[in-house]
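Reading the structure
Now for the letters of each chain:
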Amino acid sequence: QQQVKQSPQSLIVQKGGISIINCAYENTAFDYFPWYQQFPGKGPALLIAIRPDVSEKKEGRFTISFNKSAKQFSLHIMDSQPGDSATYFCAAERDSDYNTDKLIFGTGTRLQVFP
Amino acid sequence: DSGVTQTPKHLITATGQRVTLRCSPRSGDLSVYWYQQSLDQGLQFLIQYYNGEERAKGNILERFSAQQFPDLHSELNLSSLELGDSALYFCASSAGTGLYEQYFGPGTRLTVT
């Protein structure tokens, strides 16, 4: 059972455009929603994260929008740049000392930004 | 550079064999996590250790085991290897347990032939 569904699988955006990646989750006990960026040959790196008590979080060109009632959250990359070309993973986690809900990842979105 | 180191970078072995992957966490981090990344399963959490003790368990096969040593480095042992175990194995570390940022290492690419 896939607890975090991510779309689209791949995304092509022109430089300067807006990239939007969507995720939906099932477990209402999740209370931490990070986005990771992964370049080829590298490990994932935390990009931005949100807790469910806020509906939006912005860091530079990256914004997370969070809809608790719909159990959905999305990543918006404004003014997309070729250097943003990478695979993006959404994830969800439940704050608990011992559980199997440690960082459940979405399936990833491969973003390509063309000049 | 995340500060997490993993060795080896690449590993090629045959079915039925056993291998050990090693991870050194960032200085000061007490938690170590292991993840498997494959094309068909994506990124999956395997297991977490905190200060030497197992803390959380995910989709880890019984053929796989891990431990964290007093110096906080961790090893992931994979035995009776199958073709389907071919994947990237990532180690991550964080300051504590709970909702701390996880820093991922560069990964070990395992190929089982």
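One can find the structure itself at the top, above this paragraph.
The next point concerns the interface of chain B and chain A. With 19 residues of chain B in contact, the opposing surface of chain A contributes 21 residues. For the chain B and chain A pair, buried surface summed over both sides reaches about 1,800 Å², with 57% attributable to carbon and sulfur atoms. For the chain B face of the interface with chain A, the top three residues by lost area are Leu43, Leu99 and Phe104 of chain B, together amounting to 36%. The interface formed by chain B and chain A includes zero salt bridges. Remark: the boundary between chain B and chain A carries one residue pair in polar contact (both at pLDDT 80 or more). Mapped by element, the contributors of at least two residues to the side of chain B that touches chain A are β4 (31-38), β5 (42-50) and β6 (53-57) of chain B.

Between two aromatic rings, the relevant description is the distance of the centres plus the angle of the planes. Tallied over the entire structure, the rule returns 17 aromatic pairs over all chains. Look at Tyr25 of chain A and Phe66 of chain A: their rings are 6.1 Å apart centre to centre, the planes differ by 15 degrees, and that puts the pair in the stacked class. With Tyr25 of chain A in strand β3 (residues 19-25) and Phe66 of chain A in strand β7 (residues 62-67), this residue pair connects regions lying 41 residues apart in the sequence. In terms of burial, Tyr25 of chain A and Phe66 of chain A fall into one category: buried. By way of ring pairs, the aromatic residues Tyr36, Phe89 and Phe105 of chain A together with Tyr35, Phe45, Phe90 and Phe104 of chain B are connected into one cluster. Over the aromatic face of Tyr103 of chain B sits the side chain of Arg26 of chain B, whose NZ or CZ is 3.6 Å from the ring centroid.

Moving on, we get to the pattern of salt bridges. Residues and elements named next belong to chain B. Within the structure shown, the criterion is met by five salt bridges over all chains. Of the charged contacts, one joins Arg63 and Asp85 as a salt bridge, the two residues approaching to 2.8 Å between their closest N and O atoms. Of the two residues, Arg63 sits in the loop between β6 and β7 (64-68) while Asp85 sits in the loop between β8 (74-78) and β9 (87-94), which places them 22 residues apart along the sequence.

Every disulfide links exactly two cysteines, by a covalent bond between their sulfur atoms. Evaluated as defined, the whole model comprises two disulfides over all chains. Sulfur-sulfur distance for the disulfide between Cys23 of chain A and Cys90 of chain A comes to 1.9 Å. The sign of the -95 degrees torsion about the S-S bond sets the Cys23 of chain A-Cys90 of chain A disulfide as left-handed. Remark: Cys90 of chain A occurs in strand β9 (residues 86-92) and Cys23 of chain A occurs in strand β3; sequence separation between them is 67 residues. Two residues share a disulfide in this structure: Cys23 of chain B and Cys91 of chain B, whose sulfurs sit 1.8 Å from each other. Of note, the bridge from Cys23 of chain B to Cys91 of chain B carries an S-S torsion of about -50 degrees and is left-handed in sense. Remark: Cys91 of chain B occurs in strand β9 and Cys23 of chain B occurs in strand β3 (residues 19-24); sequence separation between them is 68 residues. Both residues of the pair, Cys23 of chain B and Cys91 of chain B, count as buried.

A few words now on the environment of Cys90 of chain A. Residues and elements named next belong to chain A. Under the relative-accessibility criterion, Cys90 is labelled buried at 0%. Linking Cys90 and Pro40, residues 50 residues apart in sequence, is a C-alpha distance of 17 Å. The contact partners of Cys90, leaving out residues within four places of it in the chain, are Val4, Gln6, Cys23, Pro34, Trp35, Phe73, Ile104, Phe105 and Gly106.

What counts, and at which threshold
- Residues numbered from 1 in each chain as written.
- Chains lettered and ligands numbered in written order.
- Predicted model: local features only at pLDDT ≥ 70, side-chain atom pairs only at ≥ 80, totals over all residues.
- Heavy atoms only, no water.
- Contact = heavy atoms within 4.5 Å.
- Buried area = accessible area lost by both parts, 1.4 Å probe.
- Salt bridge = Lys/Arg side-chain N within 4 Å of Asp/Glu carboxyl O.
- Polar contact = N/O pair within 3.5 Å; in protein donor to acceptor, adjacent residues only side chain to side chain.
- Helix = DSSP H or I, 4+ residues; strand = E, 2+ residues; numbered from the N terminus.
- Phe/Tyr/Trp six-rings, centres within 6.5 Å; stacked < 30°, edge-to-face > 60°.
- Buried < 20%, exposed > 50% of the residue type's maximum accessible area, 1.4 Å probe, protein only.
- Lys NZ or Arg CZ within 6 Å of the ring centre and 35° of its normal.
- Disulfide = S-S within 2.5 Å.

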